[in-house]
Amino acid sequence: MNGDEQLLNGRVYGAEHDEPNPGPLPHRTYAELVGGPLDGLLLDIHGWRTEEVDDGVALSTELSRWPSGRALYDPHPGEPRTPGPGVSCRFYYSGDTP
């Protein structure tokens, strides 16, 4: 794991890098991002409907193939989800888009 990966691992996507506690909150629900430029980050999906989780996400990042592009992450169909707070599912990297 390189230095950039260590900085990202266990942090919440969108949290400022200088926040004193950029990690997950115990009462929120998260998807773990697997692979790609945001590997190891957690995405706050608290309050998302099942259909929204099923659709996956396009997340803005300077780490994508294109500057100011988006990294695409999707759940695997049929993969189990844990209800309630904590990490409930995983979103897997599927590519980049400008």
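Residues numbered from 1 in each chain as written. Predicted model: local features only at pLDDT ≥ 70, side-chain atom pairs only at ≥ 80, totals over all residues. Heavy atoms only, no water.

**Quick look at the confidence of the model for the protein**
Turning to step 1, where the next piece is worked out: Overall, the predicted model of the protein reaches an average pLDDT of 86, with 90% of residues at or above 70.
Turning to step 2, where the next piece is worked out: In this model, residues 1-8 is a region of pLDDT below 50 whose contacts with residues beyond four sequence positions or in other chains number 7 contacts. (pLDDT = per-residue confidence, 0-100. Contact = heavy atoms within 4.5 Å.)

**A short note on unusual backbone geometry**
Turning to step 1, where the next piece is worked out: Notably, serine 68 is not glycine yet its phi reads approximately 60 degrees, a positive angle.
Turning to step 2, where the next piece is worked out: Relative to the assigned elements, serine 68 resides in the loop between strand S3 (57-61) and strand S4 (69-74). (Helix = DSSP H or I, 4+ residues; strand = E, 2+ residues; numbered from the N terminus.)

**Section: the pairing of strand S5 (residues 86-97)**
Turning to step 1, where the next piece is worked out: Where strand S1 (residues 29-34) meets S5, 6 bridges bridge the pair, whose relative direction is parallel. From the neighbouring strand, leucine 33 faces S5, where its bridge partner is phenylalanine 91.
Turning to step 2, where the next piece is worked out: In the sheet, S4 pairs with S5 via 5 bridges, with the strands oriented antiparallel. Its bridge partner lying in S5, leucine 72 is registered against glycine 95. (Pairing = 2+ DSSP bridges.)

**Description of the pattern of salt bridges**
When charged atoms on two side chains of opposite charge get close, those side chains can pair.
Turning to step 1, where the next piece is worked out: Tallying each qualifying case throughout the model produces 5 salt bridges.
Turning to step 2, where the next piece is worked out: Aspartate 44 serves as the salt-bridge partner of arginine 28, at 3.0 Å between the closest nitrogen and oxygen. Note that arginine 28 is positioned in the loop between helix H1 (3-8) and S1 and aspartate 44 in strand S2 (residues 42-44), a separation of 16 residues in sequence.
Turning to step 3, where the next piece is worked out: A salt bridge links arginine 49 to glutamate 51; the shortest N-O distance between them is 3.5 Å.
Turning to step 4, where the next piece is worked out: A relative accessible area of 51% means that arginine 49 is categorised as exposed.
Turning to step 5, where the next piece is worked out: The class of glutamate 51 is partly exposed, set by a relative accessible area of 48%.
Turning to step 6, where the next piece is worked out: By sharing partners, the salt bridges in this structure join Arg49, Glu51 and Glu52 into a single network. (Salt bridge = Lys/Arg side-chain N within 4 Å of Asp/Glu carboxyl O. Buried < 20%, exposed > 50% of the residue type's maximum accessible area, 1.4 Å probe, protein only.)

**Section: the layout of surface pockets**
Turning to step 1, where the next piece is worked out: Taken as a whole, the second largest pocket spans an internal volume of roughly 150 Å³.
Turning to step 2, where the next piece is worked out: As for the second largest pocket, its lining consists of Thr29, Ile45, Gly47, Trp48, Thr50, Val53, Arg81, Thr82, Pro83, Ser88 and Cys89.
Turning to step 3, where the next piece is worked out: Counting residues per element, the ones that place at least two in the lining of the second largest pocket are helix H2 (50-55) and S5. (1 Å grid on protein atoms, 1.4 Å probe; cavity = no way out; pocket = protein on both sides within 12 Å on 5 of 7 lines; lining within 4 Å. Points joined across faces, edges and corners; volume = space filled by probe spheres on them.)

**Digging into the nonpolar core**
Turning to step 1, where the next piece is worked out: Residues Leu33, Leu38, Leu43, Leu59, Tyr73 and Phe91 are the most contacted members of the largest nonpolar core, which totals 13 residues.
Turning to step 2, where the next piece is worked out: Listed by contribution, the elements that provide at least two residues to this core are S1, S3, S4 and S5.
Turning to step 3, where the next piece is worked out: Those residues in contact with leucine 33 that sit more than four places away from it in its chain are Leu38, Asp39, Gly40, Leu41, Leu43, Leu59, Tyr73 and Phe91. (Core = buried A, V, L, I, M, F, W, Y, C linked by side-chain atoms within 4.5 Å.)

**Brief notes about the sheet that holds S4**
In sheet architecture, strand pairing relies on hydrogen bonds along the backbone and comes in two forms, parallel and antiparallel.
Turning to step 1, where the next piece is worked out: Taken together, the 5 strands give an open sheet; going across it, the order is S2-S1-S5-S4-S3, and neighbouring strands pair in mixed fashion. At either end of the open sheet lies a strand with only one pairing partner, and these are S2 and S3. Between one strand and the next, the sheet's axes are offset by a mean angle of 40 degrees, whatever the strand orientation.
Turning to step 2, where the next piece is worked out: The pairing of S3 with S4 spans 5 bridges and is antiparallel. (Axes fitted to C-alpha atoms, helices over the stretch in contact; angles between N-to-C directions.)

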